[in-house]
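Fold and contact review
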Amino acid sequence: LTGVVHSQRLTILPASSIQRKPVGHSLLLTCRPEVPDTNLISDLRWNDNRNMTILPKPMNYYYPLYDSKGRKLPTKAGQSSPMIYTESIAGGTALALIFNSLQESMAGTYFCAASYSVTEKLNAAVVVETYVAITWKDAPTDQRPLMGSDYIVRCEVTANPPATVDWLRNGDQIKSSGRYVIENRGLLIKNITEADDGVYTCRAAVMSTGELKNREIRVEVQIMPEVQRLPRVMDAVEGQSFSVMCNATGKPVPEFQWIKKGTQQNAADLDRFSVNSITGQLDISTVEQQDHDNYACIARNPAGHSESVMKLNVLIRPKIIEFINITVSENEEAVFACKAFGRPAPEITFRRYGTVEEYTIGLQVSDDRIILEQSTDEEKGETVGTLRISKLATTDDGLYECIARNRGDIAFKVGHITVEYRPIFDHMKALPPVYTWEERTANLSCFAQAIPNATIEWRFNDRRVQDLYDQNLRIENEGLRSDLLVTPRDRRYYSAYKCVAHNRLGSAEHLMELREARIPESVPQSKPRVVSATSITFDIMAPPVEPGLPLTAFSVQWKEQFQSDWNFAFNRTWSPDSPYIVEGLRPQTAYSFRFAARNVVGLSQWGAYVDQSTPRRSEPETPRILHTPIQDEEEDSDPIVTSPYADHFDMRWSIPVDNGEPIDMYHIKYCPGTKVNGYWTEMEEHCIEQEISRMTNFEMRSLQADTYYRIELMAHNAIGYSKPAHVLMKTARGESDHSLGTTYDVYSAGFDGFSTANSGPFSARAGSPQAVTLLLLTVYFVCRFVFV
């Protein structure tokens, strides 16, 4: 076309003539011909900064990095590319220069050249400039300095052009002054403390490139462990468990380890040992002697370690290995030895078995015959304790306890001292004579106390019984005990017999008397003590008796006075320790009584004649209350008994004499009250009365706590009521919410208490019936005084 001018050139994209990229980054430069006809372009190439042609990627590992639209494709595993190469794109009409990873040496001018229509040369150039981006060379994000040291929070930066570095903490800039010094390697903190914990920001900037990077660094100040000092020596008992706690400070929290120093073994690896690495506790399930050693507790954390050493002293519990019974003659010296083993060597003492007080080392203050000695061999762990008793007496015979103790435990063993002595008859001296009658065979039994055992022989009229050959004298058992059987065919056998005992230490003799037994003498006197319509209770005076021949019973005969013949009398027999009561009598009747005593021989003659008439039928006798009273200061007051309960009381009594008519019921009445100026005042409106059929107990319920009650009890028969039995009963302290307490609370609103009611056995408690009564009486007397 006329007037149209065609230009031919090469264009490099990106369009900037200078391309600045950081080292290590990739770069794509595209050279594109701008000509009327791209088919006329030939020899399109790129030259490097040394004007050397850059070759395309070899075909054997060629793999396109970019698609037709210039988007980067993923690299296949195991494939690699040259650092710099060319690649045809856009259907061969453009040539790309590809830098896989820029290096500082690649900086310079790169040229794109081509031929157009063979003869026309086309050129274009681009300058590639490289720089080193900000790189954290030595800047760990987690740093743990040791407390008290001068520490550099490390943050070394590489960049080209060089970067400037400053520091921030909690958003505030840190300036070099005082404890903080900014150095090339990082931030120096002098004498670092726990207060310096926190997050620090290392900020790097390159002004020429505008690059800015922050590096957050967490600083946690560490404290080296410090183990609390363990006891220098600790005792553990063989066969028992043992535990010890090791404590330490440090940051972070240290872990614990125990080392057995003698063998340098980790205690956690030993049998029977366990170690808690978190708490520092060392446990031994069962201590053995081989555990005796030094042990080190070591606490570790990243800041360091610390240790403390303690000695484990294994105590062996005492064992008594020798304690032999001994036999020593009277008046000689007894040497009683006890040997014990243990670690440390035990101490040994003695005591009489069954007592608490132990003998002390040396001469005994309470008995200068006794000396306690002790010898110890610490190397063997043995101790011998010796108890010496001079001038041995029979009272020293018995069991003794050897006691061995050390810090580990205490051991006991019982031994016996046998004291040999000549025969004695002390236990037989108080025995009464032996009685028999009517040629009955009597048994004279002789037993001698002696060690060694004695042999016994009998003598009659100073002659050995064995030599008399008397068939009326027979010996059974001639050893420790011997029995002489005597059949008194005539009176000469009622005599004294001698028992003689022998052992190797001596002899002793004892006289035993055989007497003829007779019936008791007559009863000298008997008196009626309690007389009712149907029964009489007697007091009987016993006749004199011989030692060893006691009375076995009392007998009574009675008849009505108009009967003259005792053969038709009634009979009754009592044991000597029973009440002498004759029952089943008729009212308003005159009786005659006679009495006799009995022993093993027979019944005495009748004596102690008594004439007594029974009264008419009447009301029962007064019941007897079966409760033990407490002592009262006032002699004429009713007895006071206590209830163990706050709200009830079980009243019990005995059956009284019915006086001719059977008792059919009991009447009980109980009223709360108190004493004022020595007079008992009852709250009649709160009294309770009840009839009880034949029972001899009654449970009073719904009582007020800490309150006095006056109880009245009467027995009843067809004729009437008995005289009443009286008793004061006090309930125990406790909770109660009955109406009496509520009433008192209302009245006591204007009164704070009465001094007269707060002392003595009848003290009034707030809410109790006594207090209510006192309050009402006080109001009454005040009003009466005013009106008078």
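Anything mentioned here points back to the structure above.
As a starting point, this report considers the structure included with it. Predicted model only: the values in this text are computed from it and were never measured. (Residues numbered from 1 in each chain as written. Predicted model: local features only at pLDDT ≥ 70, side-chain atom pairs only at ≥ 80, totals over all residues. Heavy atoms only, no water.)

**Quick word on the sheet that holds strand β48 (residues 570-574)**
A sheet is described by the order of its strands in space; here four strands give the open sequence β48-β47-β50-β51, paired in antiparallel fashion. Each edge of the open sheet is held by one strand with a lone partner, namely β48 and β51 (607-613). Strand-to-strand twist of the sheet, defined as the mean angle between neighbouring strand axes without regard to direction, takes the value 25°. By the bridge criterion, five bridges tie strand β50 (residues 590-598) to β51 in an arrangement that is antiparallel. Bridged to Phe-595 within β51 is Gly-607. (Pairing = 2+ DSSP bridges. Helix = DSSP H or I, 4+ residues; strand = E, 2+ residues; numbered from the N terminus. Axes fitted to C-alpha atoms, helices over the stretch in contact; angles between N-to-C directions.)

**As for a nonpolar patch on the surface**
A surface patch of nonpolar side chains, about 260 Å² in accessible area, is lined by Tyr-353, Leu-399 and Val-414. Structurally, the position occupied by Leu-399 is in strand β34 (residues 398-405). (Patch = residues over 30% accessible without salt bridge, like charges linked within 9 Å, V, L, I, M, F, W, Y side chains within 5 Å. Areas by Shrake-Rupley, 256 points an atom, 1.4 Å probe, with all protein chains shown as cover. Salt bridge = Lys/Arg side-chain N within 4 Å of Asp/Glu carboxyl O.)

**So, unusual backbone geometry**
Along the chain, Leu-13 connects to Pro-14 via a cis peptide bond; the corresponding omega equals 0°. Counting through the fold element by element, Pro-14 comes out in the loop between β1 (9-13) and β2 (18-22). At the junction of Lys-251 and Pro-252, the peptide bond is cis and its omega measures out at -5° in the coordinates. Among the secondary structure elements, Pro-252 is positioned in the loop between β21 (248-251) and β22 (255-260). In this model, Ser-117 sits at a positive phi of 55°, which is unusual for a non-glycine residue. By the element assignment, Ser-117 lies in the loop between β7 (108-116) and β8 (120-138). The phi dihedral of Arg-272 falls on the positive side, at around 75°, and the residue is not glycine. By relative accessible area, Arg-272 is classed as partly exposed at 22%. (Buried < 20%, exposed > 50% of the residue type's maximum accessible area, 1.4 Å probe, protein only.)

**Digging into the sheet that holds strand β14 (residues 180-182)**
Spatially, β10-β15-β14 is the arrangement adopted by the three strands of the open sheet, whose pairing is antiparallel. Because the sheet does not close on itself, it has two edges, and the strands there are β10 (151-154) and β14. Shown here is a sheet whose adjacent strand axes are inclined to one another by a mean of 25°, direction ignored. As paired strands, β10 and strand β15 (residues 186-189) are joined by four bridges and run antiparallel to one another. Following the sheet pairing, Arg-154 is matched in β15 by Gly-186.

**Side note on the packing of aromatic side chains**
The description of two aromatic rings rests on the distance between their centres and on the angle between their planes. Under the criterion given, the structure shown has 16 aromatic pairs. Relative to Tyr-400, the ring of Phe-336 has its centre 6.0 Å away and its plane inclined at 90°; by these criteria the two rings are edge-to-face. Of this pair, Phe-336 sits in strand β29 (residues 334-343) while Tyr-400 sits in strand β34; the two residues are 64 residues apart in sequence, bridging distant segments of the chain. With respect to burial, Phe-336 and Tyr-400 carry one shared label: buried. Judged by centre distance (5.6 Å) and plane angle (70°), the rings of Phe-554 and Tyr-580 are edge-to-face. (Phe/Tyr/Trp six-rings, centres within 6.5 Å; stacked < 30°, edge-to-face > 60°.)

**Regarding the nonpolar core**
With 24 residues, the main nonpolar core has Leu-444, Trp-458 and Tyr-497 as its most contacted residues. Contributions of two or more residues to this core are made by β37 (442-447), β39 (455-460), β42 (481-486), β43 (496-503) and β44 (506-516). Excluding its chain neighbours within four sequence positions, the residues that come into contact with Tyr-497 are Leu-444, Trp-458, Arg-459, Phe-460, Leu-473, Leu-484, Val-486, His-510, Leu-511, Met-512 and Leu-514. (Core = buried A, V, L, I, M, F, W, Y, C linked by side-chain atoms within 4.5 Å. Contact = heavy atoms within 4.5 Å.)

Honestly, it's all geometry; don't read function into it.
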